[in-house]
Amino acid sequence: MSSDASPLRPPEATRSSQVQILNGRFDRLSAEETVQEVIGAVQAGERGVLSTVNVSILMMMRQNPRLQRFIDASRWTVADGQPLVWASHLRQPRLPERVAGIDLIDQLCARAAQDGIGVYFLGAESGTVHAAVAVLRSRHRGLDVRGYADGYFGPEQAEARARAVADSGAGLLFVAMGVPRQEHFIEEQWENLGARVVIGVGGSFDVIAGRRKRAPVFVQRAGLEWAYRLAQEPRRLFRRYLVTNSQFLGLISWSAIAQVALVRRVIPRP
Ligand code: UDP
């Protein structure tokens, strides 16, 4: 039995090995293993939250204790960014690979269609979520979409939105309302949501619906997806990326220097 049980991480859940990167603890899971874990949990009737964390979110967690607690309490936390995988190379053991939320949507929908698991999509503007669902239905034949709804609602409607998910009987719920809005919603409505596994996927529906472009694979592998996004929305994102990237670089460099200093002290040079 796990010692760090929480409503978002049931006591029966076994914990895979983790890597600490600054203020985040990441599961050492490949994308395939993550899908396997999630589908296994749904089929076993278990519940849990899967959080996908990138550099920007990791830095946001430092300023937002509520978000930090939510991610810490999640059943699974995966690294949604190449820079985090590189940073894990400063530690042993390392993270096996990047696990991107947007790729998980497709991989999980493929398995859900195959195994008859119902899915629900909540978030983005109504035209966007509608278009994203149409795309996913066309990609995954037989996908059992139990429902979908936009992510623009006030606090007075939150409970009804959550109960609609529960009433649909969906096993998997994707929430795409941006960070930390989606995490606060999941936390507040956890008991009303009903879905077995809930995953926050940020702005992914916009990309699936074709309203926002995703960086080419070589840009993703170079760890520059943020720069590609910045080029698309410079006014809105400039400050965010300037602050979070430089903070991350500074903290990681400091942590690397501290580690080298520690190793030198523990193993004195001859
Ligand atoms: N969004 C939403 N409800 C809101 C605000 C945003 O569903 O009240 C959606 C938005 O339409 C987009 C996603 O959340 O699909 C990500 O939003 P945003 O781009 O603001 O967040 P970011 O990805 O920049 O953190």
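Owing to the predicted nature of the structure, the values given are computational and were not obtained by experimental measurement.

Undergrad: Can you help me understand the layout of surface pockets in this one?
TA: One number sums up the size of the second largest pocket: a volume of about 260 Å³. Considering the residues around the second largest pocket, the lining is formed by A31, Q82, E97, R98, V99, A100, D103, Q107, V217, Q220 and R221. Elements with a contribution of two residues or more to the lining of the second largest pocket: α5 (101–115) and α10 (217–221). If you tally residues by element for the lining of the second largest pocket, the top one is α10, at 3 residues.

Undergrad: Any chance you could explain the packing of helix α7 (residues 155–168) against helix α8 (residues 181–193) here in plain terms?
TA: To describe two helices that pack against each other, one gives the angle between their axes and the distance between the axes. One can describe the packing of α7 onto α8 by two numbers: an axis separation of 8 Å at closest approach and a directional angle of 50°. Comparing their axes, α8 and α7 come out oblique. Both α7 and α8 take part in a crossing whose hand is right-handed. From α7, A158, E159, A162, R163, V165 and A166 reach across to α8, where they touch F185, Q189, N192 and L193. For the contact of α7 with α8, the residue count by class is 6 nonpolar, 2 polar and 2 charged.

Undergrad: Help me out: how do you make sense of the pairing of strand β6 (residues 145–149) in this one?
TA: In summary, the side chains of a regular strand alternate between the two faces of the sheet. Two strands pair when backbone bridges link them, and strand β5 (residues 119–123) and β6 are joined in this way by 4 bridges, in the parallel orientation. Counted as the bridge partner of Y120 is G147 from β6. Handedness of the crossover joining β5 and β6 through helix α6 (residues 126–139) is recorded here as right-handed.

Undergrad: How should the site of the ligand be read in this particular structure?
TA: Neighbouring residues of the ligand: 16 residues in total, closest A124, G151, Y152, R181 and D206. In this structure, an oxygen atom belonging to the ligand sits 2.9 Å away from a main-chain N or O atom of A124. Surface burial for the ligand is 84%, taken as the share of its 530 Å² of free accessible area covered by protein chains. Split by residue class, the shell around the ligand holds 4 nonpolar, 5 polar and 7 charged.

Undergrad: Explain the packing of aromatic side chains here, please?
TA: Think of a pair of aromatic rings as described by two things: how far the centres are apart, and how the planes are tilted against each other in angle. Taken as a whole and judged by the stated rule, the model has 4 aromatic pairs. Aromatic pair F121 and F205: ring centres 5.9 Å apart, planes at 65°, arrangement edge-to-face. Note that F121 is positioned in strand β5 and F205 in helix α9 (residues 204–208), a separation of 84 residues in sequence. Judged by its relative accessible area of 0%, F205 falls in the buried class.

Undergrad: Where do I start with the sheet that holds strand β4 (residues 76–79) in this structure?
TA: Across a sheet, paired strands are connected by hydrogen bonds in the backbone, their directions being either parallel or antiparallel. In space, the 6 strands of this open sheet follow the order β4-β3-β8-β7-β5-β6, with parallel pairing throughout. Sheet topology places β4 and β6 at the edges, where each strand pairs with a single neighbour. Across the sheet, the axes of successive neighbouring strands diverge by a mean angle of 15°, strand direction being ignored. Bridge analysis of β5 against strand β7 (residues 172–176) gives 5 bridges, and the strand direction is parallel. When the bridges of β7 are listed, L122 appears paired with V175. α8 rests against β3 (48–53), β5, β7 and β8 (197–200) of the sheet, and its axis sits at about 150° to β7.

Undergrad: For this particular structure, what's the right way to read the side chain of E183?
TA: Positionally, E183 belongs in helix α8. The buried charged residue E183 lacks any salt bridge, with R181 as its nearest oppositely charged partner at 8.5 Å.

Undergrad: It is not clear to me how the nonpolar core should be interpreted in this structure. Could you clarify?
TA: Nonpolar side chains tend toward joint burial in soluble globular proteins. Grouped together as the largest cluster of nonpolar side chains are 39 residues, with contacts concentrated most on I105, L108, F121, L172, F174 and F205. At the level of secondary structure, the elements contributing two or more residues to this core comprise α1 (31–43), β4, α5, β5, α6, β7, β8 and α9. In terms of residue count, the dominant contributor to this core is α5 (7 residues). Setting aside residues no more than four positions away along its own chain, I105 makes contact with F121, L136, F174, V201, S204, F205 and I208. F26, V55, A158 and I186 belong to the second-largest nonpolar core, a separate cluster that totals 38 residues.

Undergrad: Quick question: what am I supposed to make of the pattern of salt bridges here?
TA: Pairing between side chains of opposite charge can happen when the charged atoms of each approach one another. One pass over the structure, following the stated rule, counts 15 salt bridges. Of the charged contacts in the structure, one is a salt bridge between E225 and R98, with a shortest N-O distance of 2.7 Å. Within this pair, whereas E225 is found in helix α11 (residues 225–232), its partner R98 is found in the loop between α4 (82–87) and α5, the two being separated by 127 residues in sequence. Between R214 and E225 there is a salt bridge whose closest N-O contact spans 3.4 Å. Note that R214 is positioned in the loop between α9 and α10 and E225 in helix α11, a separation of 11 residues in sequence. Exposure remark for R214: the relative accessible area of 25% places this residue in the partly exposed category. Overlapping salt bridges, with partners in common, bring together D80, R98, D103, R214 and E225 in one network.

About the criteria used
- Residues numbered from 1 in each chain as written.
- Predicted model: local features only at pLDDT ≥ 70, side-chain atom pairs only at ≥ 80, totals over all residues.
- Heavy atoms only, no water.
- 1 Å grid on protein atoms, 1.4 Å probe; cavity = no way out; pocket = protein on both sides within 12 Å on 5 of 7 lines; lining within 4 Å.
- Points joined across faces, edges and corners; volume = space filled by probe spheres on them.
- Helix = DSSP H or I, 4+ residues; strand = E, 2+ residues; numbered from the N terminus.
- Axes fitted to C-alpha atoms, helices over the stretch in contact; angles between N-to-C directions.
- Parallel < 35°, antiparallel > 145°, perpendicular 65-115°, else oblique.
- Left-handed = near helix turned anticlockwise from the far one by under 90°.
- Contact = heavy atoms within 4.5 Å.
- Nonpolar A, V, L, I, M, F, W, Y, C, P; charged D, E, K, R; others polar.
- Pairing = 2+ DSSP bridges.
- Right-handed = clockwise from strand over helix to strand, strands pointing away.
- Near = heavy atom within 4 Å.
- Polar contact = N/O pair within 3.5 Å; in protein donor to acceptor, adjacent residues only side chain to side chain.
- Areas by Shrake-Rupley, 256 points an atom, 1.4 Å probe, with all protein chains shown as cover.
- Phe/Tyr/Trp six-rings, centres within 6.5 Å; stacked < 30°, edge-to-face > 60°.
- Buried < 20%, exposed > 50% of the residue type's maximum accessible area, 1.4 Å probe, protein only.
- Lys, Arg positive; Asp, Glu negative; His and termini not counted.
- Salt bridge = Lys/Arg side-chain N within 4 Å of Asp/Glu carboxyl O.
- Core = buried A, V, L, I, M, F, W, Y, C linked by side-chain atoms within 4.5 Å.

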